[in-house]
Amino acid sequence: MAAPQKKDPNKYSKNADIEADTLLKTIMSFAGIVLLIIGLVGIAMEFFKDEGWLKTAFAWLFDSTTHMMFIPVIIFVLWLLNRWMSSAAIGEKKKSGDLPMYIMMAVGAFYVFRLITTGGF
């Protein structure tokens, strides 16, 4: 029979020096989330509207057999991107995994700018 494990009475003592985020950090995080959501909504609108990106891309891709030969290349490139952005180890986080978030925040900033200047998406 296995010996019972001892419970450490101070198992959270290593977290005693962690401080809450400042108000500025919280506001910046909230602004980042809002930009990310605006970017997702803007791209979704571009994808799914009439004559949108998705319809145009599929029409081009299935237009001829020569274009259909790009399907394995597209799949391979997406696989490489996934491998590049994924973490190598379980406890490890790569900085390249944040790249899609920053790209979507930039897209959100573009759509906010477009909304302010033109009055619509």
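Conventions used here
- Residues numbered from 1 in each chain as written.
- Predicted model: local features only at pLDDT ≥ 70, side-chain atom pairs only at ≥ 80, totals over all residues.
- Heavy atoms only, no water.
- Phe/Tyr/Trp six-rings, centres within 6.5 Å; stacked < 30°, edge-to-face > 60°.
- Buried < 20%, exposed > 50% of the residue type's maximum accessible area, 1.4 Å probe, protein only.
- Helix = DSSP H or I, 4+ residues; strand = E, 2+ residues; numbered from the N terminus.
- pLDDT = per-residue confidence, 0-100.
- Salt bridge = Lys/Arg side-chain N within 4 Å of Asp/Glu carboxyl O.
- Axes fitted to C-alpha atoms, helices over the stretch in contact; angles between N-to-C directions.
- Parallel < 35°, antiparallel > 145°, perpendicular 65-115°, else oblique.
- Contact = heavy atoms within 4.5 Å.
- Nonpolar A, V, L, I, M, F, W, Y, C, P; charged D, E, K, R; others polar.

Moving on: the packing of aromatic side chains. All told, the structure shown has six aromatic pairs when counted by the stated rule. Each ring, one from F47 and one from W53, has its centre 5.8 Å from the other, and the planes form 70 degrees; the classification is edge-to-face. For F47, a relative accessible area of 31% corresponds to the partly exposed category. Between the aromatic rings of W60 and F70, the centroid separation amounts to 5.8 Å while the plane-to-plane angle is 35 degrees, which identifies the pairing as tilted. Of this pair, W60 sits in helix α2 (residues 53–61) while F70 is found in helix α4 (residues 70–85), placing the two residues ten residues apart along the sequence. Taking the relative accessible area as the measure of exposure, W60 reaches 42% and is therefore partly exposed. With a relative accessible area of 39%, F70 lands in the partly exposed category. Cluster of aromatic residues (ring-pair linked, three or more members): F47, F48 and W53.

Another aspect to go through is the confidence of the model for the protein chain. Mean pLDDT over the protein chain stands at 83; residues scoring 70 or higher make up 83%. Put simply, α4 is where the protein chain has its lowest mean pLDDT, 86, and helix α1 (residues 23–48) is where it has its highest, 91.

Bringing unusual backbone geometry into the picture now. Positive phi is not limited to glycine here, since E51 has a value of about 55 degrees. Tracing the backbone through its elements, the reader meets E51 in the loop between α1 and α2. A relative accessible area of 60% places E51 in the exposed class.

Here we come to the pattern of salt bridges. In total, this model carries three salt bridges according to the counting rule given. E46 is the partner of K49 in a salt bridge, and the nearest nitrogen-oxygen pair spans 3.4 Å. Accessibility expressed as a relative area gives 44% for K49, which makes it partly exposed. A relative accessible area of 9% places E46 in the buried class. Here K55 ties to E51 by a salt bridge, and the two come within 3.6 Å at their closest N and O atoms.

α2 packs onto α1 with a crossing angle of 45 degrees between their chain directions and a minimal axis gap of 4 Å. On the basis of the axis angle, α1 is oblique to α2. The segment α1 lies against α2, with E46, F47 and F48 engaging W53, L54 and K55. For the contact of α1 with α2, the residue count by class is four nonpolar, no polar and two charged.

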